[in-house]
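Examination of the molecular architecture
What follows is each chain in one-letter form.
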Amino acid sequence: MRMVDLIEKKKDNVVLTDEEIHELIQGYTKGDIPDYQMSAFLMAVVFNGLTDHETAQLTLEMMHSGDVIDLSGIHGIKVDKHSTGGVGDKTSLVLGPMVAACGVPVAKMSGRGLGHTGGTLDKMESIPGLNIYVNEEDFIKQVNDIHLAIIGQTASLDPADKKMYALRDVTGTVQSIPLIASSIM
């Protein structure tokens with residue numbers, strides 16, 4: 001598979017195979033695909049979108065590009081909340097504690113701001129001593145103990161999304177619904 005072929009296919013609005021999406025994410029995560037080619041691919045997605053199946057496959061490949069947290073150790077039904085952000089986005093900082101106070105476990109992984117907005121993690125890191133990088137064991141313990149934990153990505157937790165998220169921020173490809181959906185999920 002050549003990256004230029006995938007760019008051409010998506011530019012021509014051709015549906016990618018599961019194997020092509022796998023190779024795309026693996027190659028980009030490993031550093032075999034440079035940012036300039038991934039940028040071209042992301043722009044083709046902005047213009048032509050992805051099918052529901054392509055979006056689901058992209059989501060799975062991104063999720064499995066690194067470690068996956070097993071939430072089965074969290075008692076009861078777990079919830080998360082995600083928004084598309086925006087100027088002054090503070091929903092998680094208010095809604096998370098409210099839901100947790102009702103006894104519902106909130107296990108949340110948040111992101112940084114895109115564009116000119118500050119994301120949840122950016123806001124949280126303004127609090128001296130607050131640590132957004134919590135290991136899996138402490139994350140699960142905190143959710144079980146106080147029903148709320150908000151963490152950030154580590155280098156090994158969904159590295160494909162971390163790289164693509166940062167690239168989308170500087171290439172004008174933030175608004176793509178399939179890319180937003182795969183990043184959130």
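We now turn to the structure provided with this report. (Residues numbered from 1 in each chain as written. Predicted model: local features only at pLDDT ≥ 70, side-chain atom pairs only at ≥ 80, totals over all residues. Heavy atoms only, no water.)

1. Considering the overall build of the protein chain
- In terms of helices and strands, the protein chain carries 9 helices and 2 strands.
- Taken from N to C terminus, the helices and strands of the protein chain fall in the order α-α-α-α-α-β-α-α-β-α-α.
- Radius of gyration (C-alpha) of the protein chain: 17 Å, near the 16 Å computed for a compact globule of 185 residues.
- The principal-axis extent of the C-alpha atoms belonging to the protein chain is close to 50 × 35 × 25 Å.
- For the protein chain, buried positions account for 41% of its 185 residues.
- Residue pairs in contact within the protein chain that sit at least 24 positions apart in sequence constitute 71% of those at least 6 positions apart.
- Summing over all exposed atoms, the protein chain offers an accessible surface of approximately 9,700 Å²; the carbon and sulfur share of this is 59%. (Helix = DSSP H or I, 4+ residues; strand = E, 2+ residues; numbered from the N terminus. Rg over C-alpha atoms; globule rule 2.2 N^0.38 Å. Buried < 20%, exposed > 50% of the residue type's maximum accessible area, 1.4 Å probe, protein only. Contact = heavy atoms within 4.5 Å. Areas by Shrake-Rupley, 256 points an atom, 1.4 Å probe, with all protein chains shown as cover.)

2. Quick look at helix α8 (residues 159-171)
- Here α8 contains 13 residues, and its C-alpha end-to-end distance of 18 Å stays within 8% of the 18 Å for a straight helix at 1.5 Å per residue.
- Remark: Gly-172 follows α8 within two positions and exhibits a positive phi of approximately 70 degrees. (Expected span 1.5 Å × (residues − 1).)

3. Points about the nonpolar core
- Counting 20 residues, the largest nonpolar core has Leu-24 and Phe-41 as the members making the most contacts within it.
- Listed by contribution, the elements that provide at least two residues to this core are α1 (3-11), α2 (18-30), α3 (35-48), α4 (52-63) and α8.
- Non-local contacts of Phe-41, meaning those with residues more than four positions away in its chain, are made with Met-3, Leu-6, Ile-7, Lys-10, Leu-16 and Leu-24. (Core = buried A, V, L, I, M, F, W, Y, C linked by side-chain atoms within 4.5 Å.)

4. Section: unusual backbone geometry
- The phi angle at His-147 is positive, at roughly 65 degrees, despite the residue not being glycine.
- Structurally, the position occupied by His-147 is in the loop between α7 (136-146) and β2 (148-151).
- Residue class for His-147 comes out partly exposed when judged on its relative accessible area of 25%.
- At Asp-158, a residue that is not glycine, the phi angle is positive and equals roughly 55 degrees.

5. Quick notes on the side chain of Glu-54
- Here Glu-54 shows up in helix α4.
- A polar contact is formed between the side chain of Glu-54 and the backbone nitrogen of Thr-51, at a distance of 2.7 Å.
- Not counting residues within four places of it along the chain, the set of residues in contact with Glu-54 comprises Lys-10, Val-14, Val-15, Leu-16 and Ile-21. (Polar contact = N/O pair within 3.5 Å; in protein donor to acceptor, adjacent residues only side chain to side chain.)

6. Some remarks on the packing of α4 against helix α9 (residues 177-184)
- Two elements in contact, α4 and α9, have axes separated by 9 Å at closest approach and are oriented at 40 degrees. Read as a crossing pair, α4 and α9 show a hand that is right-handed. Each of Thr-55, Leu-58, Thr-59 and Met-62 in α4 lies in contact with α9, whose residues at this interface are Pro-178, Leu-179, Ala-181, Ser-182 and Ser-183.
- By residue class, the composition of the contact of α4 with α9 is 5 nonpolar, 4 polar and no charged. (Axes fitted to C-alpha atoms, helices over the stretch in contact; angles between N-to-C directions. Left-handed = near helix turned anticlockwise from the far one by under 90°. Nonpolar A, V, L, I, M, F, W, Y, C, P; charged D, E, K, R; others polar.)

Nothing here speaks to function; it is all geometry.
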